[in-house]
Structure formats: C-alpha cells, structure tokens
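# An overview of the molecular structure
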Amino acid sequence: MFTFVPRDKVSKNWVILGPLVSIIFTIMFGLLIFTFLGYDPLETLYQVFMSPFSRVDRISDIFVKACPLIIIGCGLMLCFRANIWNIGAEGQFIMGALLAGSFALMFPDVETKILLLFMFLVGFIGGAIWAFIPAILKTRLNVNEILVSLMLVYVAMLFIDFIVRGPLRDPMSFGFPLTKPYPEGALINKIPFPGIGYLGQLHYGILLIVLLIPLSWIFINKTLGGFKITVLGSAPKAAKFAGFKENSITMTVLLLSGGLAGIAGVVEVSANMGQLQPEVSFGYGFTAIIVAFLGRLNPIGILFAGITIATVKLGADNAQMTMGIPKVVTGLFEGILLFFLLTGETLQKYQIKWKRFK
Amino acid sequence: MANGKELDILFKARKINKSFGDFQANIDIDISIKKGEIHALLGENGAGKSTLVKIFYGVLKPDSGTIEINNQLVSISSPKSGRTNGVGMVFQHFSLFPALTVAENILIALDQKISFQRLISDIRKLSKEWDLFIDPLRLISDLSVGERQRVEIIRCLMQNPKLLIMDEPTSVLTPQEIENLFKILKRLSKSGCSILYISHKLEEIIELANQVTILKSGRCVSTLNAKTTSTKELAETMVGKKITKLKKNNIKNNKTVAFEVKNLNKIKDNDFGITLKNINLKINYGEILGIAGIAGNGQNELMEVLSGEVICNNDNEILLENVPIGQKNITLRRKLGIEPIPEERTLHATVPNLALNQNTFLTYYYKYKNRNNFFSNFFISPQHSSEESIKIIKDNDVRCPEPNPLANQLSGGNLQKFILGRSMANNPKVAIFSQPTWGVDIGAATSIRQKLLNLSQKGKAVILISQDLEEIFELSDKVCVINNGVLSDILPVNEISASDIGLLMGANINNNTKSEVS
Amino acid sequence: MDALILTIIATSIPLLLAATGELISEKSGVLNLGVEGMMLSGAVGALAAVLWLENPYFGIIAGAISGIFMATIFSIFTINLMTNQVATGLGLTIFATGLTGLAGAPLVGKTITSLPKIEILFLSDIPFIGPILFKQDLIAYLSIAIIVLATYFLKYTKSGMILRAVGDDHHSAHSIGYSVKKIRWFATSFGGMCAGIGGAYIPLVLTPHWSEGMTAGRGWIALALVVFASWIPWRIIVGALIFGGITIAQLVGQARGWPIPSQILSMMPYIATIIALTMISGRISKNKNIVPASLGKPFIDTH
C-alpha cells in the first residue's frame, strides 16, 4: 500500500510539527473512544483540556502538577539522549522521598528551611543510589538497565510501604498508615501573593523548575558533558573514537536522573503531603517518560510537555468528578500520544510513498 | 545477425529503468548475455550495478523494462521467482545467517521440499564435485569469509542456475582463493551456465570475462569485448576521464624510528573478536608500512589498540620516538601526534546526525581545555570548533550543500575528505589509516592515495591497514600481513610478491577458523 | 506439600505462557516490552467475557483475542511504521494499563466462575505426580502444549528455521525473498496470544475478580525469563517454576509466621529477577549466538 523512502535531509518542520500533530491526533482518537463508551465528546473535551484553565487557581495547579514531571523529565532527557533507558524513575522518586523524609523526621523541632535544603541533598542521594544499581550492573556486567530499573520500582514501592507501616509509623495516626508530620523546616510552603493570597496549591518548589530548565539547556548545549551524552546516544563507536568513556557517561546520566527523580520526590511530599505515606507517587516516574518524549528530549520542550500532560491529568481528575470517567484513563491517552510521537519520529526521517497498484 | 546467434542468447534485459524517489539508479539499460558467457559489469560506486542485479534476481522490481530468458518474456517478481527462472545470486556481503548451520543456510534458499538427509548428501556431493569443501553441519559464524562464499556458491548450484550473478566476490579473498574461484567460474561457464560478474577490479575482468558492460551514473555507456580491451580503456570509460598516475618520489633515507610496537598482546573482549598475539612492528619517519589481510583477522582490534581507543596491558608495548605510550588513551595520543583514521566513515569517524563543526569538535575538544581554568573546561562546546571546521572544509575542497551541513548530508567521498582533512590539520607525526579507499570511487581513491604518499614524503610515518593488495603494493615501503591476530615478518615491498602475501593471508594460523591453503 | 506444589505450578503458568510467546517474538527479532500490558488486557478480556457469557472457557478465547489485539497495535507501529521497539512497547503497556483500568472499572466487585480442573483418567492415578500433573485446568495443559509446540517448531520445522533466520539477519532473509514483515507479524501476534491467555489465567484460575494491575509485574518478569532461559523454550519451565516458588514464599512465610515482614517477602521475585539477569549476562556475552542478532532493530524496507 505504501512504503517509506529516506529523506535526504531530516525534515526540520517535523521536529515541532510532530508533537503538535500527535497531540491533535490523540485528542481526536480519545474523543472517538469516549464517544464509543457513551460519554459526550464535547463535554469530555472541555473537562479534560479546558477546565484546568477555567480558574486562576486551577492554572496554578497545572504548574504544581507539572513540577515533578518536569524535574524528572529533565533527568530522563539526559538518559534517553545517551540511549540509556531508565524506566525506574518511579522507584528513584520514591526512594528519594523516603530517605529525605526519614532524615527530616530525625529533626522534629527544626523550623528553619535549611533543613529542606539538606533534604534535597539527601533526596538526591537516595534517588541516585537507587539508580546506581542498574548503572553498576550495566557498566560492569552489561545487564540491561530496563528490566533492572523497573524491578526496583516494585521493590521501592514495597519498601516504602514497609517503612511507613512499620518503623516510621506514627502511633497517633489511628489506623491510617502515615508517618509523623514533617517539621516546619521540611515543608515547602505555598507562595503568598500580595493582595491575592495563595494561588491554588502553588508552592515554592516551582522555583526549582525556573532553575532547572535553563541549567539543563546550558548543560546539554554548552558543555562538554552534554556533548558527550549526545554523541554516546547517537554513535557509541564515535564516542569511543573521541575518547569519551562510555561507562562514565552511563553512570553519570543514571545518577543524575536518579537524583533528580529523588528531588522531585522530596518536593512532592514536602509541598503536598507533609508526611510520608505508602503511596507518594502517582505514576510520575512513568508519566515523565512520556513528558521527555513529548518534549523531544529538549529542556524547553519538556517544559511545555510537562505543562500539557499536567493539564490533561488535572482535566482527567475533573472529568472523573463531573462525568464519572475513571482517571486511570490518562494512561490510555499517554500511550496513544507516545505512539503518535514515535510515528512522527519516523516521518522525520522518511517520507511516505504511496504505491500504485499495477 | 543470423538467427543462430539469437538462439545463443540466454538473458536479455531491455530498457530497464529504476528510480528511488528523485534518484535515478538505472536509466534505459540494455544487457545481453549469451549462454555460457562470463559477462562483467563494471562501474563506480553509485553507478547502478547492485540495483540492476537485484532487479535481475527479483529483490527489486524495475519501474519499466523487460527481461527475456531464452527468448521468453519473464516476470521476476521476487527472489523465489528469480530462482525458479534459473537466476542465482551471491551478494557482496552475503545473505547468510551466522547462528544457523551451513545446511540450514542452504535449505532456506531452496524452494523445493527435500529431506534433511538428502540435503546433507547433496551438499556433500556438490562440495566434492566442485572442490568447494564445506562441512554441512558447521555454524556459519565459525567459518572464514572464503568458506562462507563457498556456502553461497553451493547454495546457488543446488538450484541448477542458468545465470549466476556475483556481486564483487573477490574483495574479501586471498589471491589463492581468487584463483580457485576463477577456476570454478570458468568451469561453470563451460558447462553452459552464464555468469554476470560485478567487479571494479580491472585486471580480473580482463582475465575472467568475455564481455564487459560499463555503467556510469545509471546508464550503460559501453559494452566491450574483455579480451581485446585494456585496463586503461576500461578505467577511462568507467570514469569518463583520464586517470592520473600517482606521483611517487622514491628517495627515502630517513632512519629515525617514529613508532614501535613491542610484544603487544590483547585478548579479545568478547566472542566476536580476535585476540592479538605478540605483535611487533617498527616504522621510521617518511615510511609507509602496509598491513595486508582479509577483513576479520584482527585489523579492528589492532586499530583500536594503536589508536588508543583501547589501551595496552603494558605501557612499553607501544613506543613513540622511544617513549612508552601504551597506556595512554586516544586523546593523549592525539596530543602526542598520532592520528587514526578509522574504516567506518559514519558512526565511527563521524556522527551522521551532527553538523561538521560538531564533528570537528569531536576530536578537537581537548585543545580548548585549559589547565589553569578548571571551571571553564566544562563550558567548551562545538562552537569553539566552528572556525577550524570552516578551514578544513575550504582547504580540502569538501563539497557542502550548506555552510555547516550535517555529516550525513555529504557524499561518501566528501565525507572522507573531511575526515582526512580534520586529522591532517593537526600535523600529526604518525597517521594510521584503516581501509581508506573502501567503497570510494576511483577518482577519490586516487586522490586519497596521493595524500598518503604526500604525507610520507613530508616525513611523516604512515601505517596503512588495507584489504586491497593493489593499494598495499602501490603505496607501501614495507609490507606485512595480519592473520588471525598474528603479524607476519615485515619485509620491504620489493622483496615480497603478491602471491607470497596471498599465502600468508590464507594460511592456517592456530588451527582456528581459517581456510585451508589450496 | 501437594498443595504447595500445585500452588507453585499455578503461579508459574502465566509466566510460562507469556515468556514462551515473547520468546517466539524475540526469536524473530522483535522485542516487545508490552507483555505486561498484553497480559492485563487478557485478564480484563477474560473477566468481561465470562461475566457476559457465563462459561469460563470463553474466557480463554477472550484472553487470546485481547492479547492479539494489543499485539496488533504494537505490530502496526513497530513493523509497518518502523517506530522504536523499546519506546513502543513501553507505550503499549502504559496504554493497556489505562485501557484496562477503564474497561475494568465496571467489573469491580464481581466474581466469576473459575476454570474447572480436567482430570486425565488413568494418568491422574499415578502416585505422587498423578494428581499434580494430570488434574489441571485446560490452560495449564495448553501451556505445556505450547512449549512443546514452540520447541518443535523452532528446531524441526522449516518455518521455524525461517523465523530464526529473520531474527538472526533480517536483511539476508529479505534478500532471499522472505517477507520479514509478515513473519514478524506472526511472531508478535503469537506472543500476544500467549500473553493474553497467560493474563486470562489469573482471573480464571487464581483470583476470580478484577483489581487494577492484577498482573503485578508478571509481564516484566516474563521478559526477564526469556533472557534467563537463553531463548531456549524448555528452560522457561525451569525459570517459571523457580519464580513461582519465590512468589509463593510470601504466602508461606505469612502462614508460618516467619519474622520477615510481608513486604520484604513480596520483594523477592523482583530481586530474584535482578539476580537472575546478572548471573546470565556473563554467559551471554561469551557466546555470540545466544541473543537473536537483529533483536530490537527495526527492519527498514525502503523500496
């Protein structure tokens, strides 16, 4: 029916067109599925994509939700650019939150935010340690990082469940599995705007994104380290020819992305929960994979991708409340979006040639 | 033009046209092959030879044109139908399956049903009959290149072909294996099987073929009688202009030892590799040392360890001007004046989807590092190489579609010019080339070889690792052969013959998987 | 003790099926990380079918069809549209998790009739092994049949050899005239069918109701099992039983009051997977012919 012909020059249009077209097609497809399931398509469209923009505090909540996605996404960008498939960001997120939380609970009376800064460090270390396991197995023994990092997600989920229900359990929580509340110094407060008060749940953690995006961009484009990562992912033999050490780069990107996921975990718990519970992540580590792809492994792209996906997630929450659509359906959309994005990548390199029937 | 002659014609292709998008690979090609004729197909890279024969075999379908076999119009719509019509093909890079046995590899191309027992006995019979000894139960991955080609040929013979197509069969063989192949092909042609033989080796064509068809830019420019033409005429028809001879200055008296390898050993790091055993070599400034050998005998491993991509076990295994550098990595060796030029132009020497300034930065980045300013060593990026990149493009006549193109936008020849220029701009002391003219047109190949000669004439030391014996003899002052990770003695080029080298290339070293000396 | 062995076998059946299907897929060169998703869809499909049609045997068919449906989506993208196999597989799992969550929502709380055991007369009277091996449900017998079939197919049939050839060098296979796409479509669909039936097994035999994520990572473990078995079908049985045993350890531990927390015991299968992968990696890098050479590489046919 049709075949692909290599383009002589990679289509620059498709770099931005790809994500945009993919989003549009995903929306169309999604609406089709919803209609098929008996939901009103226009109502669904409004709830999922517009309702998050309907009030100022809702818009700010988009950024709150996008925050962990973007932080993890920047880390995954480094890994995926080097062709290292870190699928375990979810586990690294959890371990970062867990380690930092345990640390914070050792100082129950501290009020200064310096504690929070230390928690970021501890959280980074926690996530990095969790990423170190697949990293060392890959560099020393050539074990595939996909399965190892993924298995560790399940381990992390069970581990935090154990810790929260066991050693760190708050005896005053009356049956609910929760740790004691964090001390003041471990919390990330909402931002008070003069005259308006708080904007939804918008908290100081947003500042991390403001820092991280430009830092990531500089790292990838203006440093030797970023160049090494790009070369390794594009042509490993060329990386060797340049004298870049594959193992060092592998270890670096995994530790960095694990650490960033860990920091994202600290932010989530400190800003939105205030104490540890068995479930601290709601698939952020996996959703961030989609964000990284949608953002074409580019910090600016990831910023927009994070906002887009966060919008959809919030919209899905609203849709669940108002229309009864189970919010787990976002996974459905994320999958479809990824499929279209990948097709867009193919179209970047190849042109469709329709075959005439003879 | 008697009708009797027409009956002699086995295969006739008329007005074959094939395009890929905008690129016209074959334009109005006519070919006529008699029964039992050995017909050579000559042309540069990109002339359209491989495309044409793939059409004859059925892997590709022509946009227009007809094919007649024994004066009957046939439609070859797939390789299976090609085989049914009596066409057999041995691809340049073979179409074999390393993880499967010889018998399975042959069975997979057989379209008729056959019992395994019968298959094995048929293989053994053919093997004996044609002197193509092969054990049906061995895995392809354990076979040498020469042995693999035998499997390909037997596979074709099993189908009783009327036309056997061979795509560049001799680039990977020793001179003795080539002799054997020619014997078989001549025997086949006597028995009535026609042969269509793609090659760029002019002398072979003259020795083997009856007729030669020359392709240029997709068109058939000439069909000549191979027995009455000359290599000069063939070359000039193929390229379309006069070919310049290499300018060689034979006066060389430099006795300073530039580069030395002493008792180098390197165990292979995985199952696919070759272990290097006790490598010893010495090269003076102003010399070209040619290391001949069939691909897969340790050239890649040797290149890795000479360039510094892989460091030696012992610092003293490699010496530059008597200073041990065995444990220095590739960047340090570049700083000291050693420039390696690898075999693979894309994905090894360059990154295809990065721009030329980024590809320059790839091997120049160490120059921008400043011992005193630790912090700014992080912030070096390809922009630093933009100027040098422009200079390389200008000085080496690299044709670019835009000022700073991606590496994959350049043609093979231009990319090679860029790669060479990038290395030479560093004014190295020692340059190590691996297969520098592999897959490159005659015109570009000549210019690359001249550059190598110029280098040595400027007093640099040049190591040339090449499968092309002609090239080795043309350029080298001293010659040796690498065989299964072992280097032969080094001899001056005028003390060794091609036949001697051939024997060394094909010898059975360490009773491993090498071919027998015939 | 008998009950223990039976439980171990039961736990290993989904792994066995999914891994065998994925093995065939990988032998043709296709790496499908969507196994977890295909199993989930098999589970949901089976549940829905049985709730609707009452007969649990329809569940098997529904499971197979659901798995094939998911595999088809995967095939369209990776084989026809030449997308990256790893990313597409991940996408498939994410997609399937969402889709099954949606489809399973109305099924929450409902229970179905389980698949009955079929006794093979005479053989089931053999002491010790009789009641264990010959008093199983249809899927269990099917899984053994599938493994035997897969082994025979790969080793002794020409089609199996062609499949292996495609996985070894897809360009050579194409040059000889085989349709790499068709063969991979078949292999992927077969993988989907097996994963679907493996997923269906969970509600049909193990836990007869829906819960989100009821495959609990078994699809991923199945992927690891294929590596652990060095792409040899009978070795999957060994691997599956070992993992089945480790999974059961948690229940045994709780029942016997071991002092190890239940969550730590539940971690064992996942940690064991990591250890198994580590152990096998050394062996794999020594022998070049173990991993199908074109695994994960898209076949780019640009004519």
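Analysis parameters
Residues numbered from 1 in each chain as written. Chains lettered and ligands numbered in written order. Predicted model: local features only at pLDDT ≥ 70, side-chain atom pairs only at ≥ 80, totals over all residues. Helix = DSSP H or I, 4+ residues; strand = E, 2+ residues; numbered from the N terminus. Rg over C-alpha atoms; globule rule 2.2 N^0.38 Å. Contact = placed C-beta atoms within 7 Å. Domains from an automatic or database assignment. Pairing = 2+ DSSP bridges. Axes fitted to C-alpha atoms, helices over the stretch in contact; angles between N-to-C directions. Nonpolar A, V, L, I, M, F, W, Y, C, P; charged D, E, K, R; others polar. Buried ≥ 20, exposed ≤ 12 C-beta atoms within 10 Å, placed from the backbone.

## As for the overall build of chain B
A tally of helices and strands in chain B yields 17 helices and 21 strands. Taking 24 Å as the expected radius of gyration for a compact globule of 518 residues, we find that chain B reaches 25 Å, a close match to that expectation. Considered along the principal axes of its C-alpha atoms, chain B spans approximately 85 × 50 × 45 Å. Here the analysis covers contacts within chain B between residues at least 6 apart in sequence; of these, 69% occur between residues at least 24 apart.

## With respect to the domain arrangement of chain B
The domains assigned to chain B are domain 1 (3–239), domain 2 (244–337 + 429–518) and domain 3 (348–427). Centre-to-centre, using C-alpha coordinates, domain 1 of chain B lies 41 Å away from domain 3 of chain B.

## A short note on the sheet that holds strand β4 (residues 64–69) of chain B
Residue and element names in this part refer to chain B. Taken in spatial order, the 4 strands make up an open sheet running β2-β1-β4-β5, and their pairing is antiparallel. Sheet topology places β2 (23–34) and β5 (72–74) at the edges, where each strand pairs with a single neighbour. Here the strands of the sheet are splayed against their neighbours by 25 degrees on average, with no regard to which way each runs. The pairing of strand β1 (residues 9–20) with β2 spans 8 bridges and is antiparallel. Bridging across to β2, Phe-20 finds its partner in Phe-23. Strands β1 and β2 of the sheet are contacted by helix α2 (residues 49–57), whose axis makes an angle of about 120 degrees with β1.

## Here's the deal with the interface of chain A and chain C
Each partner contributes residues to the interface: chain A has 40 residues there, and chain C has 41 residues. Listed by contribution, the elements that provide at least two residues to the side of chain A that touches chain C are β1 (2–6), α5 (114–141), α6 (145–165), α11 (284–294) and α13 (330–349) of chain A. No other element matches α13(A), which puts 12 residues into the side of chain A that touches chain C. Here the residues of the side of chain A that touches chain C are counted per class, giving 28 nonpolar, 9 polar and 3 charged.

## Things to note about the pairing of strand β13 (residues 288–292) of chain B
Residues and elements named next belong to chain B. Taken across its 5 residues, β13 has 5 buried, putting it largely inside the fold. Neither face of β13 is exposed, since Ile-288, Gly-290 and Ala-292 on one face and Leu-289 and Ile-291 on the opposite face are all buried. Note: β13 against strand β18 (residues 461–466), 5 bridges, orientation parallel. Paired with Ile-288 across the bridge in β18 is Val-462. Direction of pairing for β13 relative to strand β19 (residues 478–483): parallel, over a ladder of 4 bridges. Looking at β19, one finds that Leu-289 is bridged to Lys-478.

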